[in-house]
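# An overview of the molecular structure
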Amino acid sequence: MATRLNDQFLEQLRDRIDIEDLIGEYVDLKRAGRLTKGLCPFHSEKTPSFVVYPESQSYYCFGCTKGGDAITFIRDIENLDYIEAVKMLADKAGLQMPNEQYDDTIIKKKKRMLEMNKEAARFFYQYMTSKEGEIGLNYWLGRGLTPQTIKHFGLGYAPNDWNTFINYMRSKGYSAQELYEGDLVRKSEKGFYPFFRNRVMTPIIDLRGNIIAFGGRVLDDSKPKYLNTSDTLIYKKGNNIFALNFAKSSGEDSLILCEGYMDVIALHQAGFTNAVAGLGTALTPEQVRLISHYCSKVYLSYDSDEAGQKALRSAIDKLSETNLNIHPLKYSEGKDPDEIIKKFGPERWKSILSGAMNEIEYKLLTCREGLDLTTDDGRIKYLRLAVPVLAPLGAIEKDVYISRLSEELSVSRDAIMAQVVDAEKRLNRNRRRADYGSLDKSFNEYKDKASTRNDFGIRAHKAEEAIIASLQSNPDFLKKIEEQLTPDDFLSDFYRHAYEVLRDRIGSGQSIDFIYLSSEFSPEEMGRLVKLQNSGDLISNTFREVQDCINVLKEENEKKKVDKINPASLSDEEFLKLFKDKRGE
Ligand code: ZN
């Protein structure tokens, strides 16, 4: 549980940080009456369901149910814990953190881990430039990298022995346990040993310029070719994009997404400083979010082998969920950008970029692969595969591609259009079915989550929700609620906790603005509180309706008591009475 900060400090923070400005740094917000709306930064979407409420200084996404105050937003988007998020906001606002004791063990630990990685990177670089590490330097130079590039990316080399690295880090004050927690060493029965040995090293740097992890590549063809830092306190594999720290200031409105960091380094050296890579995983939603935040156009440079093409298809699918213009690159001059630039120079790569297909052209090209379009059979097969590609497109795009196909295959426009319209109808039907299915599923999941203690009715659940929502809007209801309910009367853990927090704060005359609540609730829970405050149908501003809800909760609690009684211990009369009560007669 995070430590509470004093209200005066939080109040200053609230007054100095405007949530629209803050979120506006991450999301392109558009005004819609009293609210602002934008594309949610927490999930991929094409139409905005992310709303900022300036009045209550809060936000909520109707698509993924993320919500909260400014602190919760920073926690979630920067992947920080509560105190770290407050610190970041305090810095922004030019406020000193209060002197009182708060638990900053994690912050200190992370800070030290970052310093440790910096020291390790310094070591790998220095070792590479020493006589013993020459082999590493020669590897990089042999790949055509200049000393400037090597320095720019902070590349290095890890010694081919068991002690040098550990001894150096110890001499700088880092314990084996710390190195272990940072995944720089591993453990065996014989003790700690360096994780990276005889490998050329690439530091992985986050957007703030911190070294958060390392990738190590073998010098020859042995396996495993790449070793990467596992998840640590400061690094989560799917949360970062390699070289985005440089690419974000390339001045381009596009990114070139590559498979590996060697491609990226080669491209940067050749002047394409908007190249990035996804660090050895299938693209995660977090990475998709990052990419779409920094550009409006993305080129995809993936290997032409089977694995590369599979990764490419998956990347296209994921990026299609956003508004990005997607341009898969197809080239035959070499196996990767590095090779093409070496063989033909940067100009050739530039022309590959400028002649890049868009997503639809790429998909159509994939459909016709291996088909002989001079035969009727080949043309029919091609059309059959192409129709589903065209079905989801807008009217103008449909028109363009159908005309092209019609010309290419000498099939009438109308015939193709009829097929596409049919496919579109099917698609919409399936989509509606899927939407309904997922709605149903999320409702059931929500029911499960809400009923943490016992299975209880949706009626009681609604009553709890309405009591909390009404109390948030009308703190003066507390006295009457308190006279009739104890926290234990709430059936789900979340609402019981919410009630306790609201009761304690209102009872002692404190504000219940979201910023004061966010130390008590997880980001997920904050989302639910914000949602409640904006659910007009749940909020009653007269106590009469709240009273009805209180009655419902009391009844539910009575029923639960009945459930617990062993019927065998009752007389016939008692049993009959309970039985009738239970049925509500
Ligand atoms: Zn969302």
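Analysis parameters
- Throughout, a residue's number is its position along its own chain's written sequence, starting from 1.
- It should be noted that, the model being predicted, local features are given only for residues of pLDDT at least 70 and side-chain atom pairs only at 80 or more, the latter also being counted only at that level, while totals for whole chains, interfaces and linings use all residues.
- Side-chain calculation: all heavy atoms of the structure are included, whereas hydrogens and water are not.
- With a 1.4 Å probe rolled over the protein chains alone, any residue whose accessible area is under 20% of its type maximum counts as buried; one over 50% counts as exposed, and the rest are partly exposed.
- Note on conventions: DSSP H or I runs of at least 4 residues are helices, E runs of at least 2 residues are strands, and numbering of each starts at the N terminus.
- We treat two strands as partners when DSSP finds at least two bridges between them.
- By definition, the arc is the one covered by directions from the helix axis to the C-beta atoms.
- Two residues qualify as a contact provided that any one of their heavy atoms is within 4.5 Å of a heavy atom in the partner residue.
- In protein, a polar contact requires one atom able to donate a hydrogen and another able to accept it; more generally it is a pair of N or O atoms within 3.5 Å, and residues adjacent in sequence count only if both atoms are side-chain atoms.
- The predictor reports its confidence for every residue as pLDDT, a score running from 0 up to 100.

To continue, consider the pairing of strand β3 (residues 50-53). Along β3, one buried face is formed by Phe50 and Val52 and the opposite face, lined by Val51 and Tyr53, is buried too. Bridge count for strand β2 (residues 35-38) against β3 is three bridges, and the pairing is antiparallel. Opposite Thr36, over in β3, you have Val52 as the bridge partner. As defined by bridge partners, β3 adjoins strand β4 (residues 58-61) across four bridges and the pair is classed as antiparallel. Across the sheet, residue Val51 finds its bridge partner in β4, namely Tyr60. Joining the antiparallel neighbours β3 and β4 is a turn of four residues, in which Gln57 adopts a positive phi near 50°.

Because each turn of an α-helix spans 3.6 residues, side chains separated by three or four positions in sequence point in the same direction. Every buried residue of helix α8 (residues 164-171) is accounted for by Phe165, Ile166, Tyr168 and Met169. Taken down its axis, α8 places every buried residue within 165° of arc, on the same side. Residues of α8 that are buried make contact with α5 (105-129), α9 (176-181), β7 (185-188) and β8 (191-194). With its phi angle positive at about 95°, Gly173 sits one or two positions after the end of α8.

Looking at helix α1 (residues 7-16), one finds that the buried residues are Asp7, Phe9, Leu10 and Leu13. An end-on view of α1 places all buried positions within 160° of arc, on one side of the element. Opposite the buried face of α1, by more than 90 degrees, sit the exposed residues Gln8 and Asp15. Packing partners of the buried residues in α1 comprise α3 (70-78), α4 (82-93), α22 (493-507) and α23 (514-517). N-capping of α1 is provided by Asn6, with a side-chain oxygen placed 3.2 Å from the backbone N of Gln8.

Parts of the prediction with low pLDDT should not have their coordinates interpreted in detail. Taken over all residues, the pLDDT of the protein has a mean of 89, while the share at 70 or more is 91%. Looking over the protein, one finds the lowest element-wise mean pLDDT in helix α26 (residues 572-583), namely 64, and the highest in strand β6 (residues 156-158), namely 98. Here residues 446-454 is modelled with pLDDT under 50, and outside its nearest four sequence neighbours on either side it reaches 19 contacts, counting other chains as well.

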